[in-house]
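Residue-level structural notes
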Amino acid sequence: MITIKKPDHFARMAKAGEAVAAVHRAVRRAAKPGVTTRHLDDVAAAVLRDHGCIPSFLHYHGFPAHICTSPNDVIVHGIPNDRPLQDGDVLSIDAGAIFDRYHADAAITFGVGEISAEVQTLIDATEEAMWAGIKAVAPGARIGDIGAAVQAVGDRHGYGIVQEYVGHGIGLNMHEKPNVPNFGKAGSGMKLREGMAICIEPMFNLGTHETFVEDDEWTVKTADGSLSAHWEHTVALTEEGVKVLTAQPELRADLWGSD
Ligand code: MG
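Residues numbered from 1 in each chain as written. Predicted model: local features only at pLDDT ≥ 70, side-chain atom pairs only at ≥ 80, totals over all residues. Heavy atoms only, no water.

Some thoughts on the packing of aromatic side chains
Filter applied, for reference: Ring pairs shown here join Phe, Tyr and Trp side chains whose ring centres sit within 6.5 Å, with only the six-membered ring taken for Trp; geometry is labelled stacked below 30 degrees between planes, edge-to-face above 60, and tilted in between. Numbering of helices and strands starts at the N terminus; helices are DSSP runs of H or I of at least 4 residues and strands are runs of E of at least 2. Summary of the burial criterion: residues with accessible area below 20% of their type's maximum are buried, those above 50% are exposed, and those between are partly exposed, where the area comes from a 1.4 Å probe applied to protein chains only.
Considering all chains together, one arrives at two aromatic pairs under this definition. Aromatic pair Phe-63 and Trp-218: ring centres 5.0 Å apart, planes at 85 degrees, arrangement edge-to-face. Taken as a pair, Phe-63 in the loop between β1 (54-55) and β2 (67-71) and Trp-218 in the loop between β11 (211-213) and β12 (220-222) lie far apart in primary sequence, 155 residues in all. Each member of the pair Phe-63 and Trp-218 is classed as buried. Ring centres of Tyr-159 and Phe-204 lie 6.1 Å apart, and the angle between their planes is 40 degrees; this geometry places the pair in the tilted category. Remark: Phe-204 occurs in strand β10 (residues 203-205) and Tyr-159 occurs in the loop between α4 (143-157) and β6 (160-161); sequence separation between them is 45 residues.

Describing the coordination of the magnesium ion
Spelled out, the test is: For Na, K and Ca the donor cut-off is 3.2 Å, while for other metals it is 2.8 Å, and in both cases only N, O and S atoms qualify; water is not among them, so sites may look incomplete.
The coordination sphere of the magnesium ion, as far as protein atoms go, consists of Asp-105 (OD), His-168 (NE2), Glu-201 (OE) and Glu-232 (OE), spread over 2.2 to 2.4 Å. Positions of the donor residues of the magnesium ion, expressed as sequence spacing, correspond to D-x62-H-x32-E-x30-E. Here the residue Glu-201 occupies a position in the loop between β9 (197-200) and β10, and Glu-232 occupies one in the loop between β13 (228-230) and β14 (233-238), the gap between them amounting to 31 residues. Like Glu-232, Glu-201 is buried.

Focus on the sheet that holds β6
The line we're drawing: By the convention used here, strands pair only if DSSP detects at least 2 bridges between them.
Strand order in the open sheet made by the three strands is β6-β10-β13, with antiparallel pairing throughout. The open sheet has two edge strands, β6 and β13, and neither has a second partner. Across three bridges, β10 lies against β13 in antiparallel orientation. Across the sheet, residue Asn-205 finds its bridge partner in β13, namely Ser-228.

Structural notes on the side chain of Glu-232
Put simply, the test is: Note on charges: Lys and Arg go in the positive column, Asp and Glu in the negative column, and His and the chain ends are not counted at all. For this document, the term salt bridge refers to a Lys or Arg side-chain nitrogen within 4 Å of an Asp or Glu carboxyl oxygen. Think of a polar contact as two N or O atoms within 3.5 Å of one another; within protein, one of them needs to be a possible hydrogen donor and the other a possible acceptor, and neighboring residues in sequence only count if both atoms come from side chains. The criterion used for residue contact is that any of the two residues' heavy atoms lie within 4.5 Å.
Although Glu-232 is buried, it forms no salt bridge, and the closest oppositely charged side chain is Lys-5 at an N-O distance of 13 Å. In this structure the side chain of Glu-232 is engaged in a polar contact, spanning 3.4 Å, whose partner is the side chain of His-168. When sequence neighbours within four positions are dropped, the list of residues in contact with Glu-232 reads Asp-94, Asp-105, Ala-106, Ala-107, Met-130, His-168, Cys-199, Ile-200 and Glu-201.

Comments concerning helix α2 (residues 37-50)
This is how the line gets drawn: A helix is expected to reach a length of 1.5 Å times the quantity of its residues less one.
Helix length check: α2, at 14 residues, gives a terminal C-alpha distance of 20 Å against a target of 20 Å (1.5 Å per residue), a fit within 8%. Listed as buried for α2 are Thr-37, Leu-40, Asp-41, Val-43, Ala-44, Ala-45, Val-47 and Leu-48. Packed against the buried residues of α2 are α1 (7-30), β1, β2 and β4 (90-99). Downstream of α2 by a residue or two, Gly-52 has a phi angle that is positive, lying close to 70 degrees.

This is the structure:
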């Protein structure tokens, strides 16, 4: 269901969002060739603890870790493991936090060591698509406006736009209605209104949009082995306007004006 939030609910989600942003900073700093994603999971666990947050992902439908670490052809839901990162890996980190029962959820993608210009463009375009989707958020706008804005960026580059996995509402649960697809028609779908919070999370592939799930029943990969990128923010329609609750602090000031 969709939970309509009051200012104190959003304040709690903002606390969770700060923790998620801190996880991303710490994990990105720690991710180097030779480091394992299991170590990155430990780094994330400590940051969440320091922020007084509970991890959203740990034990979620049995998920065994604090964050999802999705390298190369893994699109989403990769499980941290003992494989050392290698120079040239493209790594997505998805993290969720709960503060006083309210969730925030976000993902970043970056290169480990040196990556090709082609892969950097994939990463940058996926982030650009996320921001295009965020810019479409306003009271009275529709879910399809977001999908259309995201899709336009992916189509311009000819990327495979993942369809089976989509953005979502968020609040007392990590995944709430409505679904927020990364494709769609402007002017279609549910109307957004104050009190809603949603996660916008494009997943773009260098090759096909088609996916498959590994035997571990979590790891989602591109069907053709092509590289994939994933970006996500939690966005709130508050009485003070649209706020990106998981943005890095410098960006938050930029988006809202410093206060
Ligand atoms: Mg999400």
